[in-house]
Amino acid sequence: MGQAHSGTDKEVTLQNIQELYRKFASECPSGNLHLHEFKKIFGINSNSTEEESAYMDNVFRSFDTNKDGHIDFMEYVAAVHLVLRGKLEDKLKWSFKVYDKDGNGCLDRQEVRHIVKIINKLKRHKNPGVTENIDDICDRIFELVDKNKDSQISLDEFLEGAEKDPWVMDQLKLDIEPCGWFIGQQEKKL
C-alpha cells in the first residue's frame, strides 16, 4: 500500500519533529501527557462541542497503548510518527483502534455508529450544509465492508473495505489534520 498525499499536504521536516519533541519535554516535564493537556494541544476547551471532546477522548485512548491514563514520551513519539509520517495502512489500523472502543478486535454497529456520529457532527459544525444520515452511513459501511455478514467488522475487512472503495475510505479514515496543526503551531512562533 502506498502513502496517500493530498495536494495540500505540507512536508513536516525532521527539524519540525525535533521541535515538537522539545515542546513535549518542556510542557510535560513529568514525562506524561494527560487527557486535559492533550485536549488543550488540539484546541479542545470549554467552547468546544461535546462531539469534539468525545472525539479527542477516543484519539487519546488510542495513543495510550498501555492504558495507564496518560501518554508517556514513547507513546507520544509513536503517535507523532504515525500521524505525521505514517503509511496509509498504519493510519487505517490506528483509525480501527479508535473505533474499537472495547478493544475486542472487531467493530460492532454501535462502535461504528458512535464514531460516525461524532465525525458527522464535526463535519456539520464546520459545514452546516452536511446532511448525511448516520444510520444510512452505518448501513452502507456494513453492507460494503462486513464481507462475512456477521454484523462485526474485523481489521482485515476494515482495511480491505477502505482500500477498495473511496467513499468507505472517506468514512473510515480518521484525520485530525496533525500536519496542518503542527505547521500552524510553528508559524505562531515566528
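Source: prediction; values computed, not measured.

Draft legend 1. Structural view of unusual backbone geometry. Of note in this structure, Lys-67 is not a glycine but carries a positive phi near 55°. For Lys-67, the location among the structural elements is in the loop between α3 (50-63) and β2 (70-72). Its identity as a non-glycine residue notwithstanding, Lys-149 has a phi of 55°, on the positive side. Of note, Lys-149 is situated in the loop between α7 (134-145) and β4 (152-154).

Draft legend 2. Region of interest: the environment of Thr-131. Among the structural elements, Thr-131 can be located in the loop between α6 (109-126) and α7. Judged by relative accessible area, Thr-131 falls into the exposed class, the value being 67%. Sequence separation of Thr-131 and Lys-121 is ten residues, and the distance between their C-alpha atoms is 9.9 Å.

Draft legend 3. Structural view of the pattern of salt bridges. Enumeration according to the criterion identifies five salt bridges in this entry. Close ionic contact of Lys-93 with Glu-89 constitutes a salt bridge, the shortest N to O distance being 3.6 Å. In this pair, Lys-93 and Glu-89 are both assigned in helix α5 (residues 88-99), four residues apart and thus about one turn of the helix distant.

Draft legend 4. The packing of α3 against α5, seen in detail. Where α3 meets α5, the closest approach of the two axes is 8 Å, and the angle between their N-to-C directions is 115°. Crossing angle aside, the handedness with which α3 passes α5 is right-handed. Between α3 and α5, the residues in contact are Asn-58, Val-59, Arg-61, Ser-62 and Phe-63 and Trp-94, Lys-97 and Val-98, respectively. When the residues that make up the contact of α3 with α5 are grouped by side-chain class, the tally is four nonpolar, two polar and two charged.

Parameters at a glance
Residues numbered from 1 in each chain as written. Predicted model: local features only at pLDDT ≥ 70, side-chain atom pairs only at ≥ 80, totals over all residues. Heavy atoms only, no water. Helix = DSSP H or I, 4+ residues; strand = E, 2+ residues; numbered from the N terminus. Buried < 20%, exposed > 50% of the residue type's maximum accessible area, 1.4 Å probe, protein only. Salt bridge = Lys/Arg side-chain N within 4 Å of Asp/Glu carboxyl O. Axes fitted to C-alpha atoms, helices over the stretch in contact; angles between N-to-C directions. Left-handed = near helix turned anticlockwise from the far one by under 90°. Contact = heavy atoms within 4.5 Å. Nonpolar A, V, L, I, M, F, W, Y, C, P; charged D, E, K, R; others polar.

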